[in-house]
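Single-letter residue listing:
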Amino acid sequence: MGHRLRPTLAFALTTSLLVAVATSAQDPFFGVRQRMVQEQVQGRGVTQPTLLSAMETVPRHLFVPEESRSFAYEDRSLSIGAGEFMSRPYLSARMIELLELDGTEKVLEIGTGSGYDAALLSRLAAKVFTIELLDELGTRASKNLEYLGFSNVRVRVGNGYEGWPEEAPFDAIILTAAPEHLPASLLAQLKESGRMVVPVGRYVQDLQVITKTAGGTEKRTIIPVHLGPMHN
């Protein structure tokens, strides 16, 4: 099922809440968020200006349970409930940067989780469609994204392997959970010349960038990663 956000309300919240959390006077996490970006993200080689700006603005602490907020900007993964975890900030940034978004794209994310990565993507792309298998997480993320004003994000609770065929093709697809093999069903929903960022494998995966071409695909392996398995 999908949840369409209300654009007028979302715009008002964007101009109030997001501006508020981005200023040191009203956000106690302002300083630690700046340090997170400088030390954990930019300091490790992520250079995309729009992504760095998004990470400086998006309130990561509001995407984790209240009891974990003091750890939200540390170099660690965090429990978000239902046995699932939010990736550490650098990995989120590295994977999103590999999509090479310029602001015009329609993006599909598989594995909404807390909604934090979808929030970052919303600042870098025209439209974001994100699918979460677990109803508890998908419903919470949808409400949070709407409340914070990310009006160009739609959330669906469902099987990520099925993708979102009625909105295909997508300019970019990103998976935050790891399939053992590249899902052909998702590749079919990727536009020609589009990019897919996907961790492929079992316990330790290869983070791959798949570019769809007229004759098939081109693959680049980036780094080994350890993400949770993709279920259906």
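Calculation rules
- Residues numbered from 1 in each chain as written.
- Predicted model: local features only at pLDDT ≥ 70, side-chain atom pairs only at ≥ 80, totals over all residues.
- Heavy atoms only, no water.
- Helix = DSSP H or I, 4+ residues; strand = E, 2+ residues; numbered from the N terminus.
- Buried < 20%, exposed > 50% of the residue type's maximum accessible area, 1.4 Å probe, protein only.
- Contact = heavy atoms within 4.5 Å.
- Areas by Shrake-Rupley, 256 points an atom, 1.4 Å probe, with all protein chains shown as cover.
- Expected span 1.5 Å × (residues − 1).
- Phe/Tyr/Trp six-rings, centres within 6.5 Å; stacked < 30°, edge-to-face > 60°.
- Core = buried A, V, L, I, M, F, W, Y, C linked by side-chain atoms within 4.5 Å.
- Axes fitted to C-alpha atoms, helices over the stretch in contact; angles between N-to-C directions.
- Left-handed = near helix turned anticlockwise from the far one by under 90°.
- Nonpolar A, V, L, I, M, F, W, Y, C, P; charged D, E, K, R; others polar.

Draft legend 1. Geometry of the overall build of the protein chain. Within the protein chain, the secondary structure is distributed over seven helices and ten strands. Within the protein chain, the fraction of its 232 residues that count as buried is 50%. Of all intrachain contacts in the protein chain linking residues separated by at least 6 positions in sequence, the fraction that spans at least 24 positions is 54%. By element, 51% of the accessible surface of the protein chain is carried by carbon and sulfur atoms, the whole surface being about 10,600 Å².

Draft legend 2. Looking closely at helix α6 (residues 135-148). Along its 14 residues, α6 runs 20 Å from first to last C-alpha, staying within 8% of the 20 Å computed at 1.5 Å per residue. Those residues of α6 not exposed but buried are L137, G138, A141, S142, N144, L145 and L148. Within two residues after α6, G149 carries a phi angle of roughly 90°, on the positive side.

Draft legend 3. Here's a closer look at the packing of aromatic side chains. For the coordinates displayed, the defined rule picks out four aromatic pairs. Ring centres 6.0 Å apart and planes at 65° place the aromatic pair F63 and Y116 in the edge-to-face group. Of the two residues, F63 is situated in the loop between α3 (49-57) and β2 (78-81) and Y116 in helix α5 (residues 116-122); the sequence distance between them amounts to 53 residues. Consider the rings of F129 and F170, whose centres lie 5.9 Å apart with planes at 65°: the pair is edge-to-face. Here F129, found in strand β5 (residues 127-132), pairs with F170, found in strand β7 (residues 170-175); they are 41 residues apart in sequence, far enough to count as distant. For the pair shown, F129 and F170 are each scored as buried.

Draft legend 4. Representation of the nonpolar core. Core analysis: the largest hydrophobic core is formed by 47 residues, its most contacted members being M55 and F63. Each residue touching F63, except ones within four places of it in the same chain, is listed here: V58, I80, M86, S114, G115, Y116, A119, N144, L145, L148 and F150.

Draft legend 5. A look at the packing of helix α2 (residues 30-41) against α3. Where α2 meets α3, the axes come as close as 8 Å, and the angle between the chain directions of the two elements is 145°. Of the two elements, α2 crosses α3, and the hand of that crossing is right-handed. From α2, R33, Q34, M36, V37 and V41 reach across to α3, where they touch L52, M55, E56 and T57. Split into classes, the residues belonging to the contact of α2 with α3 amount to five nonpolar, two polar and two charged.

Draft legend 6. Spotlight on the environment of G43. Position of G43 among the secondary structure elements: in the loop between α2 and α3. Each C-alpha atom, one on G43 and one on Y90, is 9.6 Å from the other, the two residues being 47 residues apart in sequence. Not counting residues up to four positions away in its chain, the partners in contact with G43 are V37 and Q38.

Draft legend 7. View of unusual backbone geometry. For the bond running from A168 to P169, omega is 5°, close enough to zero to count as cis. Relative to the helices and strands, P169 resides in the loop between β6 (153-157) and β7. Positive phi values are uncommon outside glycine, yet A82 reaches one of about 60°. Examined against the element boundaries, A82 turns out to sit in the loop between β2 and β3 (84-86). Overall, the relative accessible area of 38% leaves A82 in the partly exposed class.

Draft legend 8. Focus on the environment of T47. Counting through the fold element by element, T47 comes out in the loop between α2 and α3. C-alpha separation for the pair T47 and E97, spaced 50 residues apart in sequence, amounts to 8.3 Å. When near neighbours in sequence (up to four residues on either side) are disregarded, T47 contacts L52 and E97.

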